[in-house]
Amino acid sequence: MRDTFLPYGHQWIDDKDIERVVEVLKGDWITTGPKIKEFEDAICRYVGGKYGVAVNSGTSALDIAVTALELDGGEIITTPFTFVATANAILYNGLKPVFADIQRDTCNIDPEEIRKKITPKTRAIIYVDYAGQPCDIKEIREIADEHELFLIEDAAHALGAEYDGKRVGSFADITTFSFHPVKHITTGEGGMCVTGNDGLAEKMRMLRNHGIDKDAHKRFGPSASWSYDLKMLGRNYRMTDIQAALGLSQLGRLEDFIARRSEIAKLYYKELSNLSEVVLPHVKPNVRHVWHLYTIQVEGVDRDRFFTGMRTRNIGVNVHYIPVYKFSYYRNFKLEAVFPVTEQTFSRIVTLPLFPKMTDVDALNVVTAIRETIREEQMELK
Ligand SMILES: *Cc1c(COP(=O)(O)O)cnc(C)c1O
């Protein structure tokens, strides 16, 4: 058995990354400086987007993405099988989250279920590319066009992912990314909104900075030195140049990170595909999956006991996710609805460790622990 704990996700920061950060610390601008735009432009070039707005977290990115749509009440349809931040962004903005069930094979929101949830109050759809596999974007786009709905893509798991040969970043009205340490690249905390719409980009730039219109001085003539306008109610969601420098350096390593994640996913597939007690992730043919998470579903084995057995063996398995409607805060809203696929998936799912710095030996330790845990469970049952 391993003598050290193997987490499910972990950043990989090397000496070059650190040098880039130190250069910024020694310079003049540690926030609102030139590194921010450089990072925004680099992400846009990579994902094929037009305007990037860097912020201090993926959660802030979702918040200002919703605010920028200026919806004035109504409902937003989203998946319950996500991190709470996705749905919280709807509540921050005084809108009602309406959940739609997921697909059994990908754990992504099911376009057919979205259709069932549309009402005259529906204003937008926020879809999440679960684990790093893009949703059925074409089908979701059709629904949005038919009902004149905005689309926000929560791509916190999907930096570098592709759908029909095109990178995630320009499919929705706004795409949001997260740079939390467990995500593909990190800035410590951080996030970004990407959009092709200059009006939305301008609003989001204001919203991350209290709602201040920085260009006001141009119009206010001689009083330019002190004058600015507050146009919307924003917050301080700014990213620092220290973070942007780290992000730029990490972005240069992203393709290597994704390649390594894919190698480990392949290793898991090879070692686990003959085990009848585990169902492995399904990858659709028209996508590039970038493996933010590697989740299995256990069959004929109790998930919670399996989880404990793995943790006892120092394997940092996890559960992604507790469906959002189950949390007590969300139960207050009495969102009366049933989600059979989400329920069944939640009762069986387990996230295995997967991050680029993991070695093959680490991954094989996970495989051995799975075999041992299953055998132990089967002995118990006899
Ligand atoms: C990580 C994550 C977020 C939030 O990102 P933070 O940077 O942690 O605020 C939002 N949505 C999903 C699906 C995530 O995984």
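Residues numbered from 1 in each chain as written. Predicted model: local features only at pLDDT ≥ 70, side-chain atom pairs only at ≥ 80, totals over all residues. Heavy atoms only, no water.

Trainee: Outline the pattern of salt bridges, listing residues and values.
Mentor: Tallied over the full model, the rule gives 26 salt bridges. Residue Lys116 is joined to Glu113 by a salt bridge in which the shortest nitrogen-to-oxygen separation is 2.8 Å. Of this pair, Lys116 and Glu113 are both found in helix 5 (residues 111–117), 3 residues apart, which corresponds to roughly one turn of the helix. Relative accessible area serves as the criterion here: at 60%, Lys116 is assigned to the exposed category. Here Arg260 and Glu263 are joined by a salt bridge, their closest N and O atoms 2.6 Å apart. Taken together, the positions of Arg260 and Glu263, both in helix 10 (residues 254–272) and 3 residues apart, correspond to about one turn of that helix. When salt bridges with common partners are traced through the structure, they connect Asp14, Asp17 and Arg253 into a single cluster. (Salt bridge = Lys/Arg side-chain N within 4 Å of Asp/Glu carboxyl O. Helix = DSSP H or I, 4+ residues; strand = E, 2+ residues; numbered from the N terminus. Buried < 20%, exposed > 50% of the residue type's maximum accessible area, 1.4 Å probe, protein only.)

Trainee: Tell me what's going on with the domain arrangement of the protein, and back it up with residues and numbers.
Mentor: Considered domain by domain, the protein is made up of domain 1 (15–251) and domain 2 (254–381). Between domain 1 and domain 2, the contact holds 43 residues from the first and 38 residues from the second. Of all residues in domain 1, Phe81, Arg104 and His184 give up the largest surface area on contact with domain 2, accounting jointly for 18% of the area buried on that side. Viewed at the interface, domain 2 and domain 1 are joined by 21 residue pairs in polar contact (both at pLDDT 80 or more). Looking at the side of domain 1 that touches domain 2, the elements with two or more residues in it are helix 4 (84–92), strand 3 (96–99), strand 6 (162–163) and helix 9 (241–251). With 4 residues, helix 4 is the single largest residue contributor to the side of domain 1 that touches domain 2. In the side of domain 1 that touches domain 2, the residues fall into 22 nonpolar, 11 polar and 10 charged. (Domains from an automatic or database assignment. Contact = heavy atoms within 4.5 Å. Buried area = accessible area lost by both parts, 1.4 Å probe. Polar contact = N/O pair within 3.5 Å; in protein donor to acceptor, adjacent residues only side chain to side chain. Nonpolar A, V, L, I, M, F, W, Y, C, P; charged D, E, K, R; others polar.)

Trainee: Could you give an account of the environment of Ile125, with specific residues and numbers?
Mentor: With respect to the helices, strands and loops of the structure, Ile125 is situated in strand 4 (residues 122–128). In this view, Ile125 contacts Ile76, Ile77, Ile114, Ile140, Ile143, Leu149, Phe150, Leu151 and Ile152; residues no more than four positions away in its chain are not counted.

Trainee: Mind laying out the sheet that holds strand 2 (residues 75–78), listing which residues take part and the relevant values?
Mentor: Across the sheet, which stays open at both edges, the 7 strands sit in the order 1-9-8-5-4-2-3 with mixed pairing between neighbours. The two strands at the open ends of the sheet, each matched to only one other strand, are strand 1 (51–55) and strand 3. Across the sheet, the mean angle separating the axes of adjacent strands is 20° when strand polarity is ignored. Across 4 bridges, strand 2 lies against strand 3 in parallel orientation. The residue of strand 3 that forms the bridge with Ile76 is Pro97. Packing of helix 7 (residues 198–207) onto the sheet brings it into contact with strand 1, strand 8 (174–178) and strand 9 (191–195), and relative to strand 1 it is tilted by some 15°. (Pairing = 2+ DSSP bridges. Axes fitted to C-alpha atoms, helices over the stretch in contact; angles between N-to-C directions.)

Trainee: Summarise the confidence of the model for the protein; cite the residues concerned and give the values.
Mentor: Of all residues in the protein, 97% attain a pLDDT of 70 or more, and the chain-wide mean is 96. The secondary structure element of the protein with the lowest average pLDDT is helix 8 (residues 216–219), at 58, and the one with the highest is strand 8, at 99. (pLDDT = per-residue confidence, 0-100.)

Trainee: Account for a nonpolar patch on the surface, with residues named and values stated.
Mentor: Together, Ile13, Ile18, Val22, Leu25 and Ile30 give the surface a local cluster of nonpolar side chains, amounting to about 390 Å² of exposed area. Inspection of the secondary structure assignment puts Ile13 in the segment before helix 1 (15–26). Under the relative-accessibility criterion, Ile13 is labelled partly exposed at 34%. (Patch = residues over 30% accessible without salt bridge, like charges linked within 9 Å, V, L, I, M, F, W, Y side chains within 5 Å. Areas by Shrake-Rupley, 256 points an atom, 1.4 Å probe, with all protein chains shown as cover.)

Trainee: Would you mind going over the pairing of strand 1 in detail, with residue names and values included?
Mentor: Successive side chains on a regular strand alternate, one facing one side of the sheet and the next facing the other. The element strand 1 is largely enclosed, with a buried count of 4 among its 5 residues. Examined bridge by bridge, strand 1 and strand 9 share 5 bridges and lie antiparallel to one another. Of the residues in strand 9, the one forming a bridge with Gly52 is Val194.

Trainee: Explain the site of the ligand to me, and be specific about the residues and the numbers.
Mentor: Surveying the vicinity of the ligand reveals 17 residues, the closest of which are Gly58, Thr59, Asp154, Ser178 and Lys183. Backbone polar atom of Gly58 to an oxygen atom of the ligand: 2.7 Å apart, as the coordinates give it. At the level of elements, helix 3 (58–68) and helix 4 are the ones that each hand at least two residues to the shell around the ligand. When residues in the shell around the ligand are grouped by element, the largest group, 3 residues, is from helix 3. (Near = heavy atom within 4 Å.)

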